[in-house]
Amino acid sequence: MKLVEIAEIPKAEFVDSSGAVEAIYKLCLELQMFCESKQGAGLSAVQCGIPQHVFVVKAREDTWYGKANQYGYFANCTYTGSKKKVLSSEGCLSIPGKMYRVKRHETVQVKGLQLTKKDGKLILDPFDREILFNKGGIVFQHEIDHGFGKLISDEGEEIFVWV
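The structure contained in this document is the topic of the report that follows.

**As for the side chain of Thr107**
At step 1: Tracing the backbone through its elements, the reader meets Thr107 in strand S6 (residues 107-118).
At step 2: For Thr107, a relative accessible area of 17% puts it in the buried group.
At step 3: When near neighbours in sequence (up to four residues on either side) are disregarded, Thr107 contacts Thr80, Gly81, Ser82, Glu130, Ile131 and Leu132.

**Describing the sheet that holds strand S5 (residues 95-105)**
At step 1: Strand order across the open sheet formed by three strands is S4-S5-S8, with antiparallel pairing between neighbours. Unpaired on one side and paired on the other, strand S4 (85-92) and strand S8 (157-161) mark the two borders of the sheet. Each strand axis lies, on average, 25 degrees off the axis of its neighbour in the sheet, ignoring direction.
At step 2: Relative to S5, S4 runs antiparallel, the two being bridged by seven bridges. Directly across from Ser89, in S5, lies its bridge partner Arg101.
At step 3: Sheet contacts for helix H2 (residues 137-147): S4 and S5; angle to S4, the most-contacted strand, approximately 65 degrees.

**Details of the pattern of salt bridges**
At step 1: Tallied over the entire structure, the rule returns eight salt bridges.
At step 2: With a closest N to O distance of 3.7 Å, Lys98 and Glu158 form a salt bridge. Of the two residues, Lys98 sits in strand S5 while Glu158 sits in strand S8, which places them 60 residues apart along the sequence.
At step 3: Owing to a relative accessible area of 29%, Lys98 belongs among the partly exposed residues under this scheme.
At step 4: A salt bridge links Asp125 to Lys118; the shortest N-O distance between them is 3.1 Å.
At step 5: A cluster of three or more residues bridged by salt bridges with shared partners is formed by Glu90, Arg104 and Asp145.

**Things to note about the sheet that holds strand S2 (residues 54-58)**
At step 1: One open sheet holds the five strands; their spatial order is S1-S2-S3-S6-S7, and the pairing between them is antiparallel. Two strands lie at the open edges of the sheet, namely strand S1 (42-44) and strand S7 (121-132), each paired on one side alone. Sheet twist, expressed as the mean angle between neighbouring strand axes with direction ignored, is 30 degrees.
At step 2: Pairing of S2 with strand S3 (residues 71-81) involves five bridges; the strand directions are antiparallel. Each residue of the ladder has a partner; that of Val57, found in S3, is Gly72.
At step 3: Its contacts with the sheet place helix H1 (residues 21-37) against S1, S2, S3, S6 and S7, and it is angled at close to 45 degrees to S2.
At step 4: Contacts between H2 and the sheet are confined to S1, S2, S3, S6 and S7, with S2 contributing the most and set at about 160 degrees to the helix.

**Re the state of the cysteines**
At step 1: Tallied over the full model, the rule gives zero disulfides.
At step 2: Lacking any disulfide linkage, Cys77 is separated from the closest cysteine sulfur, that of Cys28, by 10 Å.
At step 3: Overall, Cys77 belongs to the buried group, its relative accessible area being 2%.

Cut-offs used in this document
- Residues numbered from 1 in each chain as written.
- Predicted model: local features only at pLDDT ≥ 70, side-chain atom pairs only at ≥ 80, totals over all residues.
- Heavy atoms only, no water.
- Helix = DSSP H or I, 4+ residues; strand = E, 2+ residues; numbered from the N terminus.
- Buried < 20%, exposed > 50% of the residue type's maximum accessible area, 1.4 Å probe, protein only.
- Contact = heavy atoms within 4.5 Å.
- Pairing = 2+ DSSP bridges.
- Axes fitted to C-alpha atoms, helices over the stretch in contact; angles between N-to-C directions.
- Salt bridge = Lys/Arg side-chain N within 4 Å of Asp/Glu carboxyl O.
- Disulfide = S-S within 2.5 Å.

Everything listed here is a matter of geometry and, on its own, says nothing about what the molecule does.
In structure tokens form, the structure reads like this:
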């Protein structure tokens, strides 16, 4: 797995959740391994040239989608945000060496599918949750935005470059 150039990031399509669970699981495992190798907080399939609304997010602490330092696997997510916004300093694996100041919603209502195991079987479980910006909301906004073709460089102000 590798990151593609920004110009090559494809437009994502929603995944068929009826029969592709095993394929989505394998993709999420690959995304997680790659994200870990780059020390990222999350990774979207489109960043690797795969045109699907699938992404992984690393939990910083115990949360609804996993224990601290575990990854949650998500598909077909959208969000609506609060009117109040906060400034976030963000990097992106697709834009190495740069940091951006981005206005993010203080809370987001995220809807989509979470890949989980129930009774030993993989399922795509529908969810609809409010997430605070400091409890994963920033990463969810960032990864969901990738699926819709948005980058932090489109939305934010570059604040730092390192080599």
